[in-house]
Amino acid sequence: MTQDCSPRNDSTGGTPRPATSSDARPSASSDASPDTARPFLDWLAAQRTQDGVLLLGDARPFFHDESAYTAHHGDDPAPFDAGQGLAALLRATGADMSAPALEIGCGFGYLSLGLAKENPFPLLLLTDTSPGFLRILGDRLDAHGVAWRADGNAAATPGMPISGMAGSGTPGPGTVRLGILSGDAMQEIPDASLSCIAMRATLHHVADVDAFLAQAARVLRPGGHLVFEEPCREALLLMGVLVAQMPELAAARGVEVTPRQLELIDLFRRMVEFYCRQDIDKSTAEDKHLFHPVEIAARCRAHGFDTVVYANTTLASLKYLHGESPLPPTFFHDTTRAYIGEVCRMPELVPLFDATIAASCAYIDDCSRGGRGPHYISVFDARRG
């Protein structure tokens, strides 16, 4: 591997960057200048709409049924925390929020709901390639009283009253819009027109990560933030190694392994290998990549971003904390067990996990005491220079 000897402004761990007198800028609530948002609003005004959704790119359904996926993953007891955590991070770093913001890969709205409710921007555009997900998100926004339909009025005035929300007689939060767009198709967005690009579990869906980062750097204003939460390779690779050892460990302990369990073990092993490898064509796959946080920060730096990494931290936790989340002593054990059984929907492997690799996971937790443990999911705050 070639060592990167360029100057490094990236950091891992620690608290958000403090705002200084030279870089702190007012948020949209104090300086929502129409001129700041105008290039982006003018671009939106030229776009077609369908059923209130802006048609900014090609539609593509999600790999899984959107309703079933939402039913499995969307039962969140605190549906606003992730978006409000992102807004809190931006405020803590003195981010300029006077221009519009874009969420890419909004899905059913895990990040979108809180961001729309908190919305410190003159306009917040929530996008996905899946019309099914946008319908689901539109219904969820309706249920929480957030207006979003373009209906031929895409370039609504920043700070416009939003019907259906408390105090709609006075200027409400910035405008919210939904649109069909992918992270691979931002070429038409005007230069330096956004304050923020937000994503949650989206980067690993993007086919050409470097091309995406180049486009993100182009459309963000100087000092603008690309903020995203992303699963990381280190913990998933460890999980793949451990799961692959299940049959051998089970045989040594006299534990029966069923044909179905062997099938799932092989599937899990091949899944992790596919995500980790960077020498194969992944263009037709839904989930494509896993990166180490240092690699993500280096790629961001190559495109002019200074990046802070919050290891094993979620956007939701940043609503309550000013830095990395404290880790429970059984973090890796619990995360691995839940990832196998719930995220990957392989509950048949959970009893085998308990009988074979639970002790190895506990050992990893013991080795991680006082530190951050293997990177499983992290928040990246990449600020354009």
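Our structure's up above, just so we're on the same page.
Residues numbered from 1 in each chain as written. Predicted model: local features only at pLDDT ≥ 70, side-chain atom pairs only at ≥ 80, totals over all residues. Heavy atoms only, no water.

A.B. asks: How should helix α3 (residues 81-92) be read in this particular structure?
C.D. replies: For an α-helix the count is 3.6 residues per turn, leaving residues at separations of three or four pointing the same way. The terminal C-alpha atoms of α3 lie 16 Å apart, and with 12 residues this matches the ideal 16 Å at 1.5 Å per residue to within 8%. Among the 12 residues that make up α3, 10 are buried, leaving the element largely enclosed by the rest of the structure. Listed in full, the buried residues belonging to α3 are D81, A82, G83, Q84, G85, L86, A87, A88, L89 and L90. The inward-facing, buried residues of α3 contact α4 (112-118), β7 (194-200), β8 (220-231), β9 (305-310) and β10 (377-384). G94 lies just past α3 and shows a positive phi near 65 degrees. (Helix = DSSP H or I, 4+ residues; strand = E, 2+ residues; numbered from the N terminus. Expected span 1.5 Å × (residues − 1). Buried < 20%, exposed > 50% of the residue type's maximum accessible area, 1.4 Å probe, protein only. Contact = heavy atoms within 4.5 Å.)

A.B. asks: Hey, could you run me through unusual backbone geometry in this one?
C.D. replies: The phi angle of most residues is negative, glycine excepted, and most peptide bonds adopt the trans form. A positive phi angle is found at D51, which is not glycine, with a value near 55 degrees. Locating D51 in the fold gives a position in the loop between β2 (48-50) and β3 (53-55). Taking the relative accessible area as the measure of exposure, D51 reaches 64% and is therefore exposed. At N312, a position not held by glycine, the phi torsion is positive, near 50 degrees. Examined against the element boundaries, N312 turns out to sit in the loop between β9 and α11 (331-343). Under the relative-accessibility criterion, N312 is labelled buried at 4%.

A.B. asks: I keep staring at the pairing of strand β5 (residues 123-128) and nothing clicks. Help me out?
C.D. replies: Along a regular strand, successive side chains alternate from one face of the sheet to the other. Judged by how many residues are buried, β5 sits mostly within the fold: 6 of 6 residues are covered. Side chains L123, L125 and T127 of β5 all project onto a buried face; the interleaved residues L124, L126 and D128 project onto the opposite face, where all are buried too. The pairing of strand β4 (residues 101-103) with β5 spans 3 bridges and is classified as parallel. Bridging across to β5, L102 finds its partner in L125. Once you follow β4 into α4 and on to β5, the crossover reads as right-handed. Sheet analysis places β5 next to strand β6 (residues 175-180), joined by 6 bridges and oriented parallel. (Pairing = 2+ DSSP bridges. Right-handed = clockwise from strand over helix to strand, strands pointing away.)

A.B. asks: Would you mind showing me how to read the environment of D210 here?
C.D. replies: Here D210 lies in helix α6 (residues 209-219). Residue D210 is classed as partly exposed on the basis of its relative accessible area, which comes to 30%. In sequence terms D210 and A302 are 92 residues apart; their C-alpha atoms lie 8.8 Å from each other. Once residues lying within four places of it in the same chain are set aside, the contact partners of D210 are R299 and H303. Among the polar contacts made by the side chain of D210, one reaches the side chain of R299 at a distance of 3.4 Å. (Polar contact = N/O pair within 3.5 Å; in protein donor to acceptor, adjacent residues only side chain to side chain.)

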